[in-house]
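Structure assessment
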Amino acid sequence: MADTTKSKSLFEKAKQFIPGGVNSPVRAFRAVGGNPIFMQKAKGAFLYDEDGNEYVDLINSWGPMILGHAHPIVEEAVKSALSGSPSFGAPTAREVEMAELICSILPSVERVRMVNSGTEATMSAIRVARGFTGRDKIIKMEGCYHGHGDSFLIAAGSGALTFGTPDSPGVTKGTAQDTLIAPFNNLKAIEHIIDQNKNQIAAIILEPVVGNMGTVLPQPGYLEGLRKICDKHGVVLIFDEVMTGFRLALGGAQQRYNVRPDMTTMGKIIGGGLPVGAYGGKKEIMDHVSPVGPVYQAGTLSGNPLAMAAGLAMLKYLKANPAVYTNIDKQTTTLVDGLNGQIKKAGLNYSINAVGSMFTLFFNDQHVIDFDTAKTSDTQTFAKYFQAMLAQGIYMAPSQYEAMFISNSVDDAIVNRILESSEKAFAQLKV
Ligand code: PMP
């Protein structure tokens, strides 16, 4: 077991000044127990904590570090932007280049607006969809996460598919009523909700491949079915590609599954690790955004030079090097095949969902297709596995309901190291 004394004392101090000692709840390790690890630096596929311990990083800042940490091209771009001042609050050439690049990569995006986080992107996108359609209600899928905007902190109402209830104090009942919840991968539920709320639904928003209940793939025909339903009823289809964009393919899940949404929300990936988000879509919809249209949305630091420089460097690299996707997908397949082999060999009944370079190991014997099946995973066993991996220097997402990500810095040796650690972790679970 590594010495994590400095992390422990930092956490004690942090709790005196920051709610729960962290600036985003999952980092507190509540779901897995133990003390969160405070990171000091990272390079490539490795993280280094305040005590100097090394970890293989399977989170990659929750997605954006596709090239691995501190990639020289991103570092150089940020340094050069920094010397020209980190912010002007005025338009810059980099923003134009970024917008043009995103539109060239995603055919569904004709206009794009930069914001500062995924949360802002999704909040803004539904406001625009509401302004465009003149309708108030939205449909979101149970288990999908779209940031902490009020409209998204809604749980499924008891038994009913139609009305949501606030999932957090501070979210009003009024807001909850405008968010309708459906199970993922269930087209009938969507049809039912739309039938019960005729001409009232502005948008359907979903993660086309879910990362936030663990990795959950769309079943064949699901995304196509949503597209058809939205076309039929004049509903704006929003793909939240904050995690999947530029990861599951250069053009994200929409390219991989060949379904075009009306709007797309993007996040951290386009900042190469700096705080960024963006939302975009069809010109006719985006022309409703201020100052062209009446829907207000703004941001002092939006299009920030440092974030644009980092994001541009990374996206241009990804566009020029399709081999990145071949490699991250291949390494993920090798890892997942290896894990599946271990599960079988150990006579365990666990399942893995994987696509491209994202995957989740569920501690159940079910095929996870929605939130109900995800919830059958044994989270206590997950926590034990997590701690056994952490003790061997493998840093997984500290919750069952998350995806893990492979970066382009992962090579065969690192995959082997993860697999060797996992074999030992599985063996410990059986004891
Ligand atoms: N949408 C999705 C799909 C996400 O995974 C997240 C965060 N992980 C968000 C939105 C919110 O992004 P942020 O944390 O940058 O606000």
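Since the model is a prediction, treat every value here as computed from it, not as a measurement.

Here we come to the sheet that holds strand E14 (residues 358–362). With antiparallel pairing, the three strands of this open sheet are ordered in space as E13-E14-E16. Each of the sheet's edge strands pairs with one partner strand only, and the pair in question is strand E13 (351–355) and strand E16 (404–405). Bridge analysis of E13 against E14 gives five bridges, and the strand direction is antiparallel. Counted as the bridge partner of Ser 351 is Phe 362 from E14.

Okay, the site of the ligand next. Close to the ligand lie Ser 117, Gly 118, Thr 119, Tyr 145, His 146, Gly 147, Glu 207, Asn 212, Asp 240, Val 242, Met 243 and Lys 268. For the ligand, an oxygen atom lies 2.9 Å from a polar atom in the side chain of Asn 212. In this structure, Lys 268 approaches the ligand through a side-chain N or O atom, which is 2.7 Å from a nitrogen atom. Coverage of the ligand by the protein chains reaches 83% of its 390 Å² of free accessible surface. For the shell around the ligand, the residue count by class is three nonpolar, six polar and three charged.

Quick look at helix H4 (residues 118–133) now. Helix length check: H4, at 16 residues, gives a terminal C-alpha distance of 23 Å against a target of 22 Å (1.5 Å per residue), a fit within 8%. Those residues of H4 not exposed but buried are Gly 118, Thr 119, Ala 121, Thr 122, Ser 124, Ala 125, Ile 126, Val 128 and Ala 129. Gly 134, located one to two residues past H4, shows a positive phi value of around 70°.

In this section: the domain arrangement of the chain. Assigned domains within the chain: domain 1 (5–70 + 322–430) and domain 2 (72–320). A C-alpha centroid distance of 25 Å is found between domain 1 and domain 2. Put simply, domain 1 and domain 2 have one salt bridge between them. A salt bridge links Arg 256 to Asp 329; its shortest N-O distance comes to 3.1 Å. Applying the counting criterion to the domain 1 and domain 2 interface returns nine residue pairs in polar contact (both at pLDDT 80 or more).

This part covers the sheet that holds strand E12 (residues 277–281). Within the open sheet, the seven strands sit side by side as E4-E12-E11-E10-E9-E5-E8. Their pairing is mixed. Of all the strands in the sheet, just strand E4 (111–115) and strand E8 (179–182) have a single pairing partner and so form its edges. In this sheet, adjacent strand axes meet at a mean angle of 20° when their direction is disregarded. Pairing of strand E11 (residues 263–266) with E12, which is carried by four bridges, proceeds in the antiparallel orientation. Its bridge partner lying in E12, Thr 264 is registered against Gly 280. Against the sheet, helix H3 (residues 93–105) contacts E4 and E11, and its axis sits at roughly 125° relative to E4. Helix H7 (residues 222–233) rests against strand E5 (137–141), strand E9 (201–206) and strand E10 (236–240) of the sheet, and its axis sits at about 170° to E9.

What follows is about the nonpolar core. Membership of the largest hydrophobic core comes to 43 residues, with the highest contact counts inside it found for Tyr 385, Met 396 and Phe 426. The set of elements that each furnish at least two residues to this core consists of strand E2 (46–49), strand E3 (54–57), helix H11 (323–345), E14, helix H13 (379–391), strand E15 (394–395) and helix H14 (412–430). Ala 77, Met 308, Ala 309 and Ala 313 belong to the second-largest nonpolar core, a separate cluster that totals 34 residues.

Reading the values: rules and limits
Residues numbered from 1 in each chain as written. Predicted model: local features only at pLDDT ≥ 70, side-chain atom pairs only at ≥ 80, totals over all residues. Heavy atoms only, no water. Pairing = 2+ DSSP bridges. Helix = DSSP H or I, 4+ residues; strand = E, 2+ residues; numbered from the N terminus. Near = heavy atom within 4 Å. Polar contact = N/O pair within 3.5 Å; in protein donor to acceptor, adjacent residues only side chain to side chain. Areas by Shrake-Rupley, 256 points an atom, 1.4 Å probe, with all protein chains shown as cover. Nonpolar A, V, L, I, M, F, W, Y, C, P; charged D, E, K, R; others polar. Expected span 1.5 Å × (residues − 1). Buried < 20%, exposed > 50% of the residue type's maximum accessible area, 1.4 Å probe, protein only. Domains from an automatic or database assignment. Salt bridge = Lys/Arg side-chain N within 4 Å of Asp/Glu carboxyl O. Axes fitted to C-alpha atoms, helices over the stretch in contact; angles between N-to-C directions. Contact = heavy atoms within 4.5 Å. Core = buried A, V, L, I, M, F, W, Y, C linked by side-chain atoms within 4.5 Å.

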